[in-house]
Amino acid sequence: MNGIDPDGLIAETLIGADAIQARVAAIGAEITADYADNPPLLVCVLKGAFVFLADLVRAIDLPVEVDFMAISSYGSGTQNSGIVRIVKDLEMTIEGRDVLVVEDIVDSGLTLSYLIKSLQARRPRSLAICALLTKPERREVEVPVRYVGFEIPNRFVIGYGLDFDERFRNLRAIGVIDEARLG
Ligand code: 5GP
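Owing to the predicted nature of the structure, the values given are computational and were not obtained by experimental measurement.

J.: Mind laying out the sheet that holds strand β1 (residues 10-15), listing which residues take part and the relevant values?
T.: Read across the sheet, 3 strands follow the order β1-β9-β8 without closing on themselves; strand pairing throughout is antiparallel. Where the open sheet ends on each side, the last strands, each with one partner, are β1 and β8 (157-158). As defined by bridge partners, β8 adjoins strand β9 (residues 174-177) across 2 bridges and the pair is classed as antiparallel. By the bridge assignment, Ile-158 is partnered in β9 with Gly-175.

J.: Please set out the sheet that holds strand β3 (residues 65-73) residue by residue, giving values where relevant.
T.: Reading across the sheet, the 6 strands line up as β4-β3-β2-β5-β6-β7 and stay open at both edges, with mixed pairing between neighbours. The open sheet is flanked by β4 (84-88) and β7 (147-151), the only strands paired with a single partner. Each adjacent strand pair in this sheet contributes to an overall mean axis angle of 30°, direction not counted. Bridge count for strand β5 (residues 98-106) against strand β6 (residues 126-134) is 8 bridges, and the pairing is parallel. Residue pairing in the sheet places Asp-98 in a bridge with Ser-126 of β6. Packed onto the sheet, helix α2 (residues 50-58) meets β2 (41-46), β3, β5 and β6 and runs at close to 155° relative to β2. Its contacts with the sheet put helix α3 (residues 110-120) on β2, β3, β4, β5 and β6, and the angle it makes with β5 is roughly 165°.

J.: Lay out the environment of Ala-59 with the relevant residues and their values.
T.: Turning to its location among the elements, Ala-59 is positioned in the loop between α2 and β3. Expressed as a C-alpha distance, the spacing of Ala-59 and Ala-70, which sit 11 residues apart in the sequence, is 23 Å. Each residue touching Ala-59, except ones within four places of it in the same chain, is listed here: Val-24, Ala-25, Gly-28, Ala-29 and Thr-32.

J.: Outline the packing of aromatic side chains, supporting the account with residue identities and numerical values.
T.: Tallying each qualifying case throughout the model produces 1 aromatic pair. Seen in terms of ring centroids, Phe-156 and Phe-164 are 6.2 Å apart; in terms of plane orientation they differ by 80°. Their pairing is edge-to-face. Judged by relative accessible area, which is 34%, Phe-156 ranks as partly exposed. The class for Phe-164 is partly exposed, based on a relative accessible area of 25%.

J.: Give a detailed account of helix α1 (residues 17-34), specifying residues and quantitative values.
T.: Across its 18 residues, α1 extends 26 Å between first and last C-alpha, which sits within 8% of the 26 Å expected from 1.5 Å per residue. Residues Ile-20, Val-24, Ile-27, Gly-28, Ile-31 and Thr-32 constitute the buried set of α1. Along the axis of α1, the buried positions cluster into a sector of 140°, meaning they face one direction only. Across α1 from its buried face, at more than 90 degrees, point the exposed residues Asp-18 and Ala-33. Elements that come into contact with the buried residues of α1 comprise β1, α2, β5, β6, β7 and β9.

Definitions and limits used
Residues numbered from 1 in each chain as written. Predicted model: local features only at pLDDT ≥ 70, side-chain atom pairs only at ≥ 80, totals over all residues. Heavy atoms only, no water. Pairing = 2+ DSSP bridges. Helix = DSSP H or I, 4+ residues; strand = E, 2+ residues; numbered from the N terminus. Axes fitted to C-alpha atoms, helices over the stretch in contact; angles between N-to-C directions. Contact = heavy atoms within 4.5 Å. Phe/Tyr/Trp six-rings, centres within 6.5 Å; stacked < 30°, edge-to-face > 60°. Buried < 20%, exposed > 50% of the residue type's maximum accessible area, 1.4 Å probe, protein only. Expected span 1.5 Å × (residues − 1). Arc of directions from axis to C-beta.

What follows is the structure in structure tokens.
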């Protein structure tokens, strides 16, 4: 762990690597059962969801397809304005497809709520959301998340794809940043 965190910014592990792997396997099995007749197109929201997606696709026993989207929020710092810009759009057409959006974390819900509206306008056959993490306390708009990895408290988490200043995405576990060290 020291190699990834030489400055000791990580205060504690919130969810261990084994627990994440077990939960991802369970979600993959659920998706395999739910979509057995209609294999989904997985839409990965970059960058935070790329590690989750990589493990999740290998836990789904169906001929799934994958595409990527990148969005950026205009909110400053930890404030999310809910105004979102599509930085990289999908390469595939989703009209008539069963789409499963793969997100890292749902916080206020503003980002996803915008994304859903944008994707819904393209008339997929179905649209569902799979999020590794959710912070229910922070929700400002309700978003229907069909598959949830873990509910977590209102703390800033990193690891397993999630970053702080672009770092810590390569951590196998999910940890909490030591806020006292951030200044
Ligand atoms: P929302 O629009 O739901 O408030 O924000 C969702 C986005 O904010 C996530 O996709 C993620 O990029 C970022 N975010 C929210 N909470 C955290 C957190 O605890 N850690 C990290 N690294 N990113 C977060």
